[in-house]
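# Structural features, examined
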Amino acid sequence: MEEEQIRVVKIIVIGVILWGVSFILTRRIFSSYSFDFSNRLLSTVHATVAVTLATLSVQDWSCPVCPRASKPSPQQMDTMAFSLSYMIYDLICCQFDQVISIDNAVHHFVSILGFVAGLAYQKSGSEIIATLWIAEISSPFYHLREILKEIGYRDTSINLAADVCFATIFTLARIVCGPFLVYVSLTAANPIFIKAMGSGLQLVSILWFYKIFGMMRYKLFKKPKSKKKAT
């Protein structure tokens, strides 16, 4: 096994362990809050770090998805390994929650397969990093809206602002930029497995978009509850 591959395996193994330990510590610190609350705090950390690493590992800002179908740079491989370790942890962690989301589990499973394929084939570095950036850029606001609800800010202006920010960024990233990235991946000389994973993630994004659209239509246009007059 090459030194580069050994480093990647170490990042993944150590990463899964550290995410697990971090969750246990977070649960103890915020023991008065729910299982989901602690997991979302770590998810926010991952999304923030992943977007930062993905941004720093872009090789050519005049064409962020270039070179196409190329071998990942060492920095891109480290970024992929970092997020892969989180996805493995989160997929396992979510099985212990009271409510298991099927579409979220599918998203994690497809993401894991995509990262593994990229690292195994040594291909599609630019496309996978761009996918990671698009997938995670809206995540901090997604988790923030749920965290705010749990700490007592449900149905408030700040919670609505988080909803709007999440829906806007999600739509721009996954519904506007996402299809273009899928097109770039499909037309480049990428392995068929990686093309399938990219297409699968886009389908999940479209499913989520319809759910988010319905949520925002309800929140923005719902009628205020009328107060009954005292008799």
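Residues numbered from 1 in each chain as written. Predicted model: local features only at pLDDT ≥ 70, side-chain atom pairs only at ≥ 80, totals over all residues. Heavy atoms only, no water.

The name given to the protein chain in an unreviewed UniProt entry is TLC domain-containing protein, and the organism recorded there is Brassica carinata. Turning to the protein chain, the UniProt record has this under Subcellular location (unreviewed entry): "Membrane". (UniProt positions renumbered as here; feature names shortened; annotations may be inferred.)

### Concerning the overall build of the protein chain
Secondary structure summary: the protein chain contains eight helices and zero strands in total. Along the chain direction, N to C, the helices and strands of the protein chain fall in the order α-α-α-α-α-α-α-α. The globule rule puts the C-alpha radius of gyration for 231 residues at 17 Å, and the 19 Å found for the protein chain is close to it. Considered along the principal axes of its C-alpha atoms, the protein chain spans approximately 80 × 40 × 30 Å. In the protein chain, which comprises 231 residues, the share counted as buried stands at 43%. Carbon and sulfur atoms provide 69% of the accessible area of the protein chain, an area that totals close to 13,000 Å². Side chains of the protein chain carry 22 positive and 15 negative charges; the gap between the two charge centres is 13 Å. (Helix = DSSP H or I, 4+ residues; strand = E, 2+ residues; numbered from the N terminus. Rg over C-alpha atoms; globule rule 2.2 N^0.38 Å. Buried < 20%, exposed > 50% of the residue type's maximum accessible area, 1.4 Å probe, protein only. Areas by Shrake-Rupley, 256 points an atom, 1.4 Å probe, with all protein chains shown as cover. Lys, Arg positive; Asp, Glu negative; His and termini not counted. Charge placed at Lys NZ, Arg CZ, Asp CG, Glu CD.)

### Side note on the nonpolar core
In terms of nonpolar packing, the biggest core is built from 23 residues, with Y89, F115 and L119 touching the most fellow members. Of all elements in the fold, only helix 1 (3-29), helix 2 (35-56), helix 3 (74-94), helix 4 (102-121) and helix 5 (125-136) reach the threshold of two or more residues within this core. For F115, the residues in contact, after removing those within four places along its chain, are M80, S83, L84, M87, I128 and L132. Among the nonpolar cores identified, the runner-up in size contains eight residues, and A167, V204, M215 and M216 belong to it. (Core = buried A, V, L, I, M, F, W, Y, C linked by side-chain atoms within 4.5 Å. Contact = heavy atoms within 4.5 Å.)

### Details of unusual backbone geometry
Each neighbour pair has its own omega, and for C66 with P67 the value is -5°, a cis peptide bond. As for its position among the elements, P67 is in the loop between helix 2 and helix 3. Of note in the backbone geometry, Q122 takes a positive phi value of approximately 60° without being a glycine. Mapping Q122 onto the fold places it in the loop between helix 4 and helix 5. We note that S124 has phi near 65°; this positive angle belongs to a residue other than glycine. Take S124: it is sitting in the loop between helix 4 and helix 5.

### Side note on the packing of aromatic side chains
Inspection of every chain in the model, using the stated rule, returns 13 aromatic pairs. The structure contains a cluster of three or more aromatic residues connected by ring pairs, namely W19, F23, F35, F82, Y86 and Y89. (Phe/Tyr/Trp six-rings, centres within 6.5 Å; stacked < 30°, edge-to-face > 60°.)

### Concerning helix 4
One full turn of an α-helix is made of 3.6 residues, so residues set three or four places apart face in the same direction. Taking 1.5 Å of rise per residue, the 20 residues of helix 4 would be expected to cover 28 Å, and the 28 Å separating its terminal C-alpha atoms lies within 8% of that figure. Taken together, the buried residues of helix 4 touch helix 1, helix 3, helix 5, helix 7 (157-187) and helix 8 (192-221). Of the residues flanking the end of helix 4, it is Q122, one or two places downstream, whose phi is positive at about 60°. (Expected span 1.5 Å × (residues − 1).)

### Observations regarding the UniProt feature "transmembrane region" (unreviewed entry) in the protein chain
The positions that UniProt labels "transmembrane region" (unreviewed entry) are, in the present scheme, residues 6-25, 164-186 and 192-213. With 100% helix and 0% strand, residues 6-25 has end C-alpha atoms that lie 28 Å from one another. Within the segment residues 164-186, helix and strand shares are 100% and 0% respectively, and the terminal C-alpha atoms sit 32 Å apart.

### Section: the layout of surface pockets
Approximately 860 Å³ is the volume attributed to the largest pocket. Around the largest pocket, the lining comprises 35 residues; the ones closest to its centre are R40, N104, Y142, H143 and W208. Contributions of two or more residues to the lining of the largest pocket are made by helix 2, helix 3, helix 4, helix 5, helix 6 (139-153), helix 7 and helix 8. Across the lining of the largest pocket, the residue classes break down as 14 nonpolar, eleven polar and ten charged. What the second largest pocket holds in volume is close to 260 Å³. Lining the second largest pocket we find A54, V58, W61, P64, V65, I129, A130, W133, I134, C177, F180 and L181. Elements supplying a minimum of two residues to the lining of the second largest pocket: helix 5 and helix 7. Considering each element in turn, the lining of the second largest pocket owes the most residues, four residues, to helix 5. In terms of residue class, the lining of the second largest pocket is built from twelve nonpolar, no polar and no charged. (1 Å grid on protein atoms, 1.4 Å probe; cavity = no way out; pocket = protein on both sides within 12 Å on 5 of 7 lines; lining within 4 Å. Points joined across faces, edges and corners; volume = space filled by probe spheres on them. Nonpolar A, V, L, I, M, F, W, Y, C, P; charged D, E, K, R; others polar.)

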